[in-house]
Amino acid sequence: MHVNLLKKMGFSVNDDNRKFDSFEDALDYATRWRDSRPSLKYESDGVIFKVNDLAVQAKLGAVGSDPRWAVAWKFAATEVVTVLEGIELTIGRSGAIIPNARLKPVELGGVTISRASLHNFGMVEKLGICEGDHVVVPRAGDVIPQVVQVLKALRPDHVQLWVPPERCPSCDGELTVSKDKTMTSCCNNKRPGRHSRKVLTIFLSTETLF
């Protein structure tokens, strides 16, 4: 359906839409538009190329819900450098212990970032993180902030590598670590926090029944 017709019908249409006779011209425009991201009045993580011929669209069809006549070009995530002020641990209802970075607040992609994912203890060990380090934080998919790099050249003097706990920080229970170090869990099935999370989850999943 033509863009102008959509506008007349009251739909919100991006004014940066363009139609081209060749893919090369479309790619050239998309590249220039990508480079202008900082000056846009809205957030964007990519562009979509679409075949504009309905007959060709019908011939190309789709795989499941994914059309063969459209493809997304995702841009590299925006990133900033900030200071890691600390590492905080959260414990899931399954007992998994997850490290999260507490950051010096910084603007990234139009929002203020003060927390970021560190995924697991294995990733923390691989990064070699010290509290006080300058770290690189992109937003994965321009949504989820995560720490991906430590700038060791900017490391302050007299800092020490962060060491993961040997016991559960919640109940002092024994911990188990998977062979690939991607999962660290508390073995204490009677830990109060574990049961409260389960009760909350059960309540939230059944509240619509009442």
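The shown structure was predicted, so the numbers you read here are calculated from the model rather than taken from an experiment. (Residues numbered from 1 in each chain as written. Predicted model: local features only at pLDDT ≥ 70, side-chain atom pairs only at ≥ 80, totals over all residues. Heavy atoms only, no water.)

## Comments concerning the nonpolar core
Of all hydrophobic cores here, the largest spans 24 residues; its most connected members are L103, L118, I129, V137 and V147. At the level of elements, β5 (79–91), β6 (97–108), β7 (111–117), α4 (121–127) and β8 (134–140) are the ones that each hand at least two residues to this core. Tallying contributions element by element places β6 first for this core, with 5 residues. Residues in contact with V137, not counting those within four places in the same chain, are T78, E79, V80, T82, L103, L108, A116, P145, Q146 and V147. A26, W33, L40 and V47 belong to the second largest nonpolar core, which has 8 residues in total. (Core = buried A, V, L, I, M, F, W, Y, C linked by side-chain atoms within 4.5 Å. Buried < 20%, exposed > 50% of the residue type's maximum accessible area, 1.4 Å probe, protein only. Helix = DSSP H or I, 4+ residues; strand = E, 2+ residues; numbered from the N terminus. Contact = heavy atoms within 4.5 Å.)

## Focus on helix α2 (residues 23–35)
Taking 1.5 Å per residue, 13 residues should reach 18 Å; α2 reaches 18 Å between its end C-alpha atoms and fits that length. When α2 is considered as a whole, its buried residues turn out to be A26, Y29, A30 and W33. For α2, the buried positions fall inside an angular range of 100° around the axis, keeping them on one side. Among the exposed residues of α2, those pointing more than 90 degrees away from its buried face are E24 and D35. Buried residues along α2 sit in contact with β1 (46–50) and β4 (70–74). (Expected span 1.5 Å × (residues − 1). Arc of directions from axis to C-beta.)

## Considerations on the side chain of N120
Topologically, N120 is positioned in the loop between β7 and α4. Apart from residues lying up to four places away in sequence, N120 is in contact with P99, K181 and T182.

## Concerning the environment of E166
For E166, the position within the fold is in the loop between β10 (149–150) and β11 (175–177). Using a relative accessible area of 73% as the deciding quantity, one classes E166 as exposed. C-alpha of E166 to C-alpha of T176: the two residues are 10 residues apart in sequence and 9.5 Å apart in space.

## Looking at unusual backbone geometry
Phi at H119 is positive, roughly 70°, even though this residue is not glycine. Turning to its location among the elements, H119 is positioned in the loop between β7 and α4. For H158, which is not a glycine, the phi torsion comes out positive at approximately 60°. Overall, H158 belongs to the exposed group, its relative accessible area being 84%.

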